[in-house]
Amino acid sequence: DSGVTQTPKHLITATGQRVTLRCSPRSGDLSVYWYQQSLDQGLQFLIQYYNGEERAKGNILERFSAQQFPDLHSELNLSSLELGDSALYFCASSVGGPLGDEQFFGPGTRLTVL
Amino acid sequence: TQLLEQSPQFLSIQEGENLTVYCNSSSVFSSLQWYRQEPGEGPVLLVTVVTGGEVKKLKRLTFQFGDARKDSSLHITAAQPGDTGLYLCAGGTQGGSEKLVFGKGTKLTVNP
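Colleague: In this structure, what is going on with the overall build of chain B? I would like to understand it.
Modeller: Within chain B one finds 0 helices and 11 strands. Beginning at the N terminus, the succession of helices and strands in chain B can be written as β-β-β-β-β-β-β-β-β-β-β. Expected size for 112 residues packed as a compact globule is a radius of gyration near 13 Å; at 13 Å, chain B falls within 12% of this value. Dimensions of chain B along its principal axes, counting C-alpha atoms only, are 45 × 30 × 20 Å. Counting contacts in chain B only where the partners sit at least 6 residues apart, residues at least 24 apart contribute 54% of the total. When the accessible area of chain B is evaluated, it comes to approximately 5400 Å², of which 50% is carbon and sulfur surface.

Colleague: Just to check I follow, could you spell out the interface of chain A and chain B for this structure?
Modeller: Note: interface size is frequently given as the accessible area lost on complex formation between the parts. Counting residues at the interface gives 27 residues for chain A and 20 residues for chain B. Carbon and sulfur atoms make up 53% of the surface buried where chain A meets chain B, a total of about 1600 Å² over both sides. There are 0 salt bridges connecting chain A and chain B. Mapped onto the side of chain A that touches chain B, the elements with two or more residues apiece are β4 (31-38), β5 (42-50), β6 (53-57) and β9 (87-94) of chain A. A class-by-class count of the residues in the side of chain A that touches chain B yields 10 nonpolar, 11 polar and 6 charged.

Colleague: What's the story with the packing of aromatic side chains in this structure? I'm lost.
Modeller: We describe a pair of aromatic rings using the distance from one ring centre to the other and the angle between the two ring planes. All told, the structure shown has 9 aromatic pairs over all chains when counted by the stated rule. A ring pair is formed by Phe 105 of chain A and Tyr 35 of chain B, whose centres lie 5.6 Å apart and whose planes are at 85°; its orientation type is edge-to-face. Taken together, the positions of Phe 105 of chain A in strand β10 (residues 104-105) and Tyr 35 of chain B in strand β4 (residues 31-37) put the pair across two chains. Residue Phe 105 of chain A shares its accessibility class with Tyr 35 of chain B, and that shared class is buried. With centroids separated by 6.5 Å and ring planes inclined at 45°, the aromatic side chains of Trp 34 of chain B and Phe 63 of chain B adopt a geometry described as tilted. Of this pair, Trp 34 of chain B sits in strand β4 while Phe 63 of chain B sits in strand β7 (residues 61-65), and the two are 29 residues apart along the sequence. Neither Trp 34 of chain B nor Phe 63 of chain B differs from the other in exposure class; each is buried. Following the ring pairs from residue to residue traces out a cluster consisting of Tyr 35, Phe 45, Phe 90 and Phe 105 of chain A together with Tyr 35 and Phe 102 of chain B. The ring of Phe 104 of chain A has Arg 26 of chain A lying over it, and the distance from NZ or CZ to the ring centre is 3.7 Å.

Colleague: Please explain the sheet that holds strand β6 (residues 55-58) of chain B as it appears in this structure.
Modeller: In a beta sheet, neighbouring strands are held together by backbone hydrogen bonds and run either parallel or antiparallel to one another. Residues and elements named next belong to chain B. Strand order in the open sheet formed by 5 strands is β1-β3-β8-β7-β6, with antiparallel pairing between adjacent strands. Each end of this open sheet is capped by a strand with a single partner; those strands are β1 (5-7) and β6. With strand direction ignored, the average angle separating the axes of adjacent strands in the sheet is 15°. As paired strands, β7 and strand β8 (residues 71-76) are joined by 5 bridges and run antiparallel to one another. Following the sheet pairing, Leu 61 is matched in β8 by Ile 76.

Colleague: Would you mind going over the state of the cysteines with me for this structure?
Modeller: Here a disulfide denotes a covalent bond joining the sulfur atom of one cysteine to the sulfur atom of another. All told, the structure shown has 2 disulfides over all chains when counted by the stated rule. Shown here is the disulfide that connects Cys 23 of chain A with Cys 91 of chain A, its sulfur atoms set 1.8 Å apart. Its torsion about the S-S bond being -50°, the disulfide of Cys 23 of chain A and Cys 91 of chain A is classed as left-handed. Placement of the pair is Cys 23 of chain A in strand β3 (residues 19-24) and Cys 91 of chain A in strand β9, with a sequence separation of 68 residues. Like Cys 91 of chain A, Cys 23 of chain A is buried. Disulfide pairing is shown between Cys 23 of chain B and Cys 89 of chain B; the S-S distance is 2.0 Å. One quick way to see it: the torsion about the S-S bond of Cys 23 of chain B and Cys 89 of chain B is about 80°, and its sign makes the bridge right-handed. With Cys 23 of chain B in strand β3 (residues 19-24) and Cys 89 of chain B in strand β9 (residues 85-92), this residue pair connects regions lying 66 residues apart in the sequence. Overall, the relative accessible area of 0% leaves Cys 23 of chain B in the buried class.

Calculation rules
Per-chain numbering applies: the sequence of each chain, read as written, is numbered from 1 onward. Lettering of chains starts at A and numbering of ligands starts at 1, both following the order in which they are written. Residues qualify for local features only when their pLDDT is at least 70, as the model is predicted, and side-chain atom pairs are given and counted only at 80 or more; totals for whole chains, interfaces and linings, by contrast, use all residues. To obtain the side-chain values, all non-hydrogen atoms of the structure were included, while hydrogens and water were left out. Numbering of helices and strands runs from the N terminus; a helix is a DSSP stretch of H or I covering at least four residues, while a strand is a stretch of E covering at least two. With C-alpha atoms as the basis for the radius of gyration, the globule rule is written as 2.2 Å multiplied by the number of residues raised to the power 0.38. Pairs of residues are marked as contacts when any of their non-hydrogen atoms sit within 4.5 Å. Per-residue and other accessible areas were derived by the Shrake-Rupley procedure at a 1.4 Å probe size, with only the shown protein chains allowed to occlude residues. As a working definition, buried area equals the accessible area (1.4 Å probe) given up by two parts on being put together, with both sides summed. By definition here, a salt bridge exists when the distance from a side-chain nitrogen of Lys or Arg to a carboxyl oxygen of Asp or Glu is within 4 Å. Polar here means any residue outside two lists: the nonpolar Ala, Val, Leu, Ile, Met, Phe, Trp, Tyr, Cys and Pro, and the charged Asp, Glu, Lys and Arg; Gly therefore counts as polar. Aromatic pairs are defined between Phe, Tyr and Trp rings, using the six-membered ring for Trp, whenever the two ring centres lie within 6.5 Å; interplanar angles under 30 degrees are classed as stacked, those over 60 as edge-to-face, and all others as tilted. For every residue, the accessible area (1.4 Å probe, protein chains only) is compared with the maximum for its type, and the residue is labelled buried under 20%, exposed over 50%, or partly exposed between those bounds. The criterion is that NZ of a Lys, or CZ of an Arg, lies within 6 Å of the ring centre and within 35 degrees of the ring normal, and then a charge sits over that ring. Pairing between strands requires that DSSP locate at least two bridges from one strand to the other. Lines fitted to C-alpha atoms define the axes, with helix axes restricted to the stretch in contact, and inter-axis angles between N-to-C directions lie between 0 and 180 degrees. Cysteine sulfur pairs qualify as disulfides if the two atoms are within 2.5 Å.

Here it is as structure tokens:
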């Protein structure tokens, strides 16, 4: 158990819909990262927040957005869903700070878009 | 775009055999991390290497970072069924960013 929690574990929805994935970081961690893992693309970095502020952006689509709240939990919002958005979505957290800081991954949310 | 290529993509061996998996890039990374991921779970960090030529050992696992910090290898001695999983390498980017660039992984199966 990494100490990072993600809900829900599974999500099945239809194309065009909007969903929200939730992540609670480890106690004391200020940084939250979101990743998408699919069979063909592997694990792709989406976005990072540090203490409520966006810190780094990766391959995140405009249909996707995220935020980190004052209690440090984070939400990833996915809208106008397409079949290709079906994937595992992971949240990771770290203390934050220098490069090479260890990231602890949650168990993931499996999103299926039908 | 920084890419990490992992090889082989799949590896199936018998218990007790040795194996090496590779992680290569044309880009220089400031650090290189290896993770193991089991089905239904998130990746778990095994090791971080930061110095070119660095070698780290973790029980039966030996990790090496290339001199030019563009490649890395993971060697497992006397593999056991518990080593089965997806092994991912991830490169840390420079400039203060904590983005990790992941390879697609090597799926290892160790048969009893």
